[in-house]
Amino acid sequence: MSSLLEIENVTRLFQTGEETVSALKGIDLRIDSGELVAIVGASGSGKSTLMNILGCLDQPTAGDYRVGGHSVAGLSADELAALRREHFGFIFQRYHLLGTLNSADNVAMPAVYAGIDSVTRRERANLLLERLGLGERIDHRPGQLSGGQQQRVSIARALMNGGRIILADEPTGALDSKSGETVLEILKELHRDGHTVIMVTHDMEVASHADRIIEIRDGLVLSDKRCREPVVDAPLPSFLNSDSVGVLAGFHRRVAEAFPMAVRSMAAHRVRTFLTMLGIIIGIAAVVSVVGLGEGTRQRVLAEISELGASTLSIFPGHGWDDERAESITSLVVADAEVLSAQNYIDSVTPLVSTSTRIRLGRTTMSANVDGVGEDYFRVNGLRIVLGTGFSADSIAERRQEAVIEERAASTLFPGDESPLGKVIMIDRVPVVIIGTVAQRSGMSGKTLQIYLPYTAVTGRLLGAATSLAGLTVRISDDVDTIVAERAIVGLLTRRHGTQDFFVFNSDQLRRIMEKTSQTMTLLISSVAVISLIVGGIGVMNIMLVSVTERTREIGLRMAVGARRIDIMLQFLIEAVTICIAGSFLGVGLALGAAIAFGGQGSQFPMIISFDAILSACLVALLIGLVFGFLPARNASRLDPVDALSRE
Ligand code: ADP
Ligand code: MG
């Protein structure tokens, strides 16, 4: 019959720089189920190396090691992890408890990786702690426990998944003699219960409690003495029931386990976590609010365009907006407007006339630009009435001598607090009464004062009907197709002028230009946003790399108790994702706050933050977490357990 553990001519070499250290030089060993074995030897003789190989934390350089008759050679990292999880329980000289977890959570950890649910875990951890006399210390952190108590917690952890084979490397080495005796008693009791116990010690007094003492020196077995016969195969209560879950359920469970771990480790470094998040917060807040601003502006302009109506055309002299000769083209006249308004497919025509003239108020004369406009002009051009009113339909129809003046003109003509409303100014010997003031046209500068009159008043009283127009706004009848009407108008005017010396602009074109500009803007902003988020992501990656380095021993411990590579990977990946998602929530919150504070209905910065924008922000954050968390997480998952455990 084969033994429980069989080591056959095992060697283990370590490569340190140029030098090759031979820690084990060909060891043969058989350990049966139910034995209590002490491995003794001087420091540096290879005891820990042997223990690591026995516990499947490390693999021999040469020779064969069989657990229950099966060779471990060629097993993958995860298969070795499964062996550790299901059969071995480790007790370390320095306990290796996680400082951020309480006793119960430390004890329960191996069961997390065995896929046991949290209630069962908690119950069993409490039971084990009570059995080891720590019933009162279940919620204490390692820092609040004495060395002996910590070692008992670590024994409970070794038993969590069953721990058929207990491996204890200098379990009493860091303890005072009294605590050492307690620990030794517990190990002997476990042995009586049927556990196979293998302990390493350099203390012969401790070793004398064992049934069998194996002495090694310089990587070779020096002596192997059996003092008592082993308890033969005492039955062990079976607890383990792992890996019965499917792949998907397993994944789900791992995420569910990793999330609270991530939150806990974030909470342990609050300031650092917040600073890491800051890049993501700022990036996401900037993107969301700028996209919101773009959308708000776009919708406002589109609303203004649609107020104009789809069936409105504007006609201007020249060949396009950038035609410099347009000023000298005088063929567009009031008579054109009259002919057009007589067409049955046209609802109404509003000419736009423009002239430079002198105005007089009391004794002062100044030059000003006078535009004759229709009733919709201010609304359609997005000019806000500041005081008084704009022109009514009656003002236009009755050629009223009314004026709306620009704010700057108002402050020039009426300095101080004097209200311009109701005042009369002379425009080229025609008196007009001021009925309102209007906001400055954005982008316009210069010293000329800007004054608006009903176009009927300008053509009828100031300039005469033969004057050339700055433009025409044509409203097409409701039941007429805009394109057909446009073609008819172009035909008609071309015939009247003898050539097409004008161009037509409809609100569809305006909308298209608008959409195109907003697309370009969005693209531009998005690329800036992507850059800022990449910077944020690099920050996250940086901190995660630091975190992995800081927590190398934790990673080693988790691997020792049976965590798979994917478990470690997920833990760190989920931590990175959690940081990013939390950052994106804060960023979205910030943007929403800004939208509420500055982006209300009538504000200068309309902001519309859609649900889609929020959702995409969170998805982008998720992606950043995955991409930039991947490298640190992979580094963590590829650590060697023995190496990681011994890291300071
Ligand atoms: P013990 O536990 O008996 O004190 P170890 O098994 O820890 O001894 O070490 C045995 C020998 O192997 C020592 O000379 C030690 O320096 C060497 N050794 C152990 N681990 C490593 C390692 N990871 N890299 C290089 N040398 C090592
Ligand atoms: Mg050692």
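Every value quoted in this text rests on a predicted model; they were computed, and no experiment measured them.

Engineer: Quick one: what's the story with the nonpolar core, residue by residue and with numbers?
Structural biologist: Residues Leu-5, Tyr-65 and Ile-198 are the most contacted members of the largest nonpolar core, which totals 74 residues. With 10 residues, helix H18 (residues 565–598) is the largest single contributor of residues to this core. Those residues within four positions of Ile-198 in sequence are excluded, and the remaining contacts are Leu-5, Ile-31, Val-37, Ile-39, Met-51, Leu-54, Ile-165, Ile-166, Leu-167 and Ala-168. In terms of nonpolar packing, the next biggest core, distinct from the first, is built from 53 residues, Val-334, Tyr-345, Val-370 and Ile-405 among them.

Engineer: Summarise the pairing of strand E12 (residues 346–361); cite the residues concerned and give the values.
Structural biologist: Across six bridges, E12 lies against strand E19 (residues 471–476) in antiparallel orientation. Paired with Ser-348 across the two strands is Arg-475, which belongs to E19. Bridge analysis of E12 against strand E13 (residues 364–373) gives nine bridges, and the strand direction is antiparallel. Following the sheet pairing, Ser-354 is matched in E13 by Asp-371. The antiparallel pairing of E12 with E13 creates a hairpin that spans two residues between the two strands, and Gly-362 there sits at a positive phi of about 60°. Bridge analysis of E12 against strand E16 (residues 424–427) gives two bridges, and the strand direction is antiparallel. Bridged to Ile-359 within E16 is Ile-427.

Engineer: If you had to explain the site of ligand 1 to someone new, which residues and values would you point to?
Structural biologist: Taken together, Phe-14, Thr-16, Ala-23, Ala-42, Ser-43, Gly-44, Ser-45, Gly-46, Lys-47, Ser-48 and Thr-49 form the complete shell of residues around ligand 1. Between an oxygen atom of ligand 1 and a main-chain N or O atom of Lys-47, the distance comes to 2.9 Å. One of the side-chain N or O atoms of Ser-48 is found 2.7 Å from an oxygen atom in ligand 1. By residue number, the principal contributor to the shell around ligand 1 is helix H1 (residues 47–54), which donates three residues. Here the residues of the shell around ligand 1 sort into three nonpolar, seven polar and one charged.

Engineer: So what's going on with the layout of surface pockets? Residues and values would help.
Structural biologist: Approximately 650 Å³ is the volume attributed to the second largest pocket. The dominant element in the lining of the second largest pocket, judged by the number of residues it contributes, is H1, at five residues. Residue classes in the lining of the second largest pocket are distributed as nine nonpolar, 11 polar and six charged. The two domains that each donate at least three residues to the lining of the second largest pocket are domain 1 (5–244) and domain 2 (258–302 + 513–646).

Engineer: So what's going on with the sheet that holds strand E7 (residues 165–169)? Residues and values would help.
Structural biologist: The six strands are arranged E6-E7-E8-E3-E9-E10 in an open sheet whose pairing can be described as mixed. Two strands lie at the open edges of the sheet, namely strand E6 (88–91) and strand E10 (220–226), each paired on one side alone. Within this sheet the neighbouring strands show an average axis-to-axis angle of 15°, counted without direction. Sheet topology places strand E9 (residues 212–217) next to E10; six bridges connect them, and they run antiparallel. Counterpart to Ile-214 in the pairing with E10 is Asp-224. Against the sheet, helix H5 (residues 147–159) touches E6 and E7, its axis set at about 170° to E6.

Engineer: Run through the pattern of salt bridges, naming residues and quoting values.
Structural biologist: Applying the stated criterion across every chain yields a total of 21 salt bridges. The closest approach of N and O atoms between Lys-423 and Glu-418, which form a salt bridge, is 3.5 Å. For Glu-418, a relative accessible area of 43% translates into the label partly exposed. In this structure, Arg-558 engages Glu-554 in a salt bridge whose closest nitrogen and oxygen atoms are separated by 2.9 Å. Of this pair, Arg-558 and Glu-554 both sit in helix H17 (residues 552–560), four residues apart, which is roughly one turn of that helix. The two residues Arg-558 and Glu-554 agree in class, both being buried. Here the salt bridges do not stand alone but share partners, grouping Glu-6, Glu-8, Arg-30, Asp-64 and Arg-66 into one network.

Engineer: Residue-level account of the sheet that holds strand E4 (residues 62–67), with values.
Structural biologist: On the basis of which strands lie adjacent, the open sheet formed by four strands has the order E2-E1-E4-E5 and antiparallel pairing. Taken across any chain shown, the strands that pair with only one partner, and hence form the sheet edges, are strand E2 (19–31) and strand E5 (70–71). Sheet analysis places strand E1 (residues 5–16) next to E4, joined by five bridges and oriented antiparallel. Its bridge partner being in E4, Thr-11 is matched across the sheet by Ala-62. In the packing of H1 onto the sheet, the strands contacted are E1, E2 and E4, and the crossing angle to E1 comes to about 120°.

Engineer: An account of the confidence of the model for the protein is requested, with residue identities and associated values reported.
Structural biologist: Here the protein averages 86 in pLDDT, while 94% of its residues score no lower than 70. Counting contacts from residues 236–245, a segment whose pLDDT is below 50, to residues more than four positions away or on other chains yields 22 contacts.

Engineer: Lay out helix H3 (residues 103–113) with the relevant residues and their values.
Structural biologist: Summarising burial for H3: 10 of the 11 residues are buried, a large majority. Ser-103, Ala-104, Asn-106, Val-107, Ala-108, Met-109, Pro-110, Ala-111, Val-112 and Tyr-113 are the residues of H3 that are buried. N-cap assignment for H3: the residue whose side-chain oxygen lies 3.2 Å from the backbone N of Ala-104 is Asn-102. The positive-phi residue at the C-terminal boundary of H3 is Gly-115, with phi of around 80°.

Engineer: Please provide a residue-by-residue account of the environment of Ile-568, values included.
Structural biologist: Residue position: Ile-568 is located in helix H18. Measuring from C-alpha to C-alpha, the distance between Ile-568 and Thr-20 comes to 31 Å, with 548 residues separating the pair along the chain. When sequence neighbours within four positions are dropped, the list of residues in contact with Ile-568 reads Ile-555, Arg-558, Met-559, Ala-563, Ala-636 and Ser-637.

Engineer: So, the packing of H5 against helix H6 (residues 177–192): which residues are in play, and what are the values?
Structural biologist: Where H5 contacts H6, the two axes come as close as 9 Å, and the packing angle between them is 15°. As summarised for this structure, H5 and H6 are arranged roughly parallel, according to the angle between their axes. The two elements H5 and H6 cross, and the hand of that crossing is right-handed. Residue-level inspection shows Gly-148, Gln-151, Arg-152, Ile-155 and Leu-159 of H5 in contact with H6, the latter providing Ser-179, Thr-182, Val-183, Ile-186 and Leu-190. Considering only residue class, the contact of H5 with H6 consists of five nonpolar, four polar and one charged.

Engineer: Go over the UniProt feature "transmembrane region" (unreviewed entry) in the protein, please, and point to the residues and values.
Structural biologist: Summarizing the sequence annotation, UniProt attributes the feature "transmembrane region" (unreviewed entry) to residues 274–294, 523–548, 569–596 and 608–631 in the numbering used throughout. Spanning residues 274–294, this segment combines 100% helix with 0% strand, and its end C-alpha atoms are found 29 Å apart. Along residues 608–631 one finds 88% helix and 0% strand; the C-alpha atoms at either end are 37 Å apart.

Engineer: Report on the state of the cysteines, specifying residues and quantitative values.
Structural biologist: Throughout the structure, instances matching the rule amount to zero disulfides. Cys-618 carries a free sulfur, and the closest cysteine sulfur to it, the one in Cys-580, is 11 Å from it. Using a relative accessible area of 15% as the deciding quantity, one classes Cys-618 as buried.

Thresholds, definitions, all that
Residues numbered from 1 in each chain as written. Chains lettered and ligands numbered in written order. Predicted model: local features only at pLDDT ≥ 70, side-chain atom pairs only at ≥ 80, totals over all residues. Heavy atoms only, no water. Core = buried A, V, L, I, M, F, W, Y, C linked by side-chain atoms within 4.5 Å. Buried < 20%, exposed > 50% of the residue type's maximum accessible area, 1.4 Å probe, protein only. Helix = DSSP H or I, 4+ residues; strand = E, 2+ residues; numbered from the N terminus. Contact = heavy atoms within 4.5 Å. Pairing = 2+ DSSP bridges. Near = heavy atom within 4 Å. Polar contact = N/O pair within 3.5 Å; in protein donor to acceptor, adjacent residues only side chain to side chain. Nonpolar A, V, L, I, M, F, W, Y, C, P; charged D, E, K, R; others polar. 1 Å grid on protein atoms, 1.4 Å probe; cavity = no way out; pocket = protein on both sides within 12 Å on 5 of 7 lines; lining within 4 Å. Points joined across faces, edges and corners; volume = space filled by probe spheres on them. Domains from an automatic or database assignment. Axes fitted to C-alpha atoms, helices over the stretch in contact; angles between N-to-C directions. Salt bridge = Lys/Arg side-chain N within 4 Å of Asp/Glu carboxyl O. pLDDT = per-residue confidence, 0-100. Parallel < 35°, antiparallel > 145°, perpendicular 65-115°, else oblique. Left-handed = near helix turned anticlockwise from the far one by under 90°. UniProt positions renumbered as here; feature names shortened; annotations may be inferred. Disulfide = S-S within 2.5 Å.

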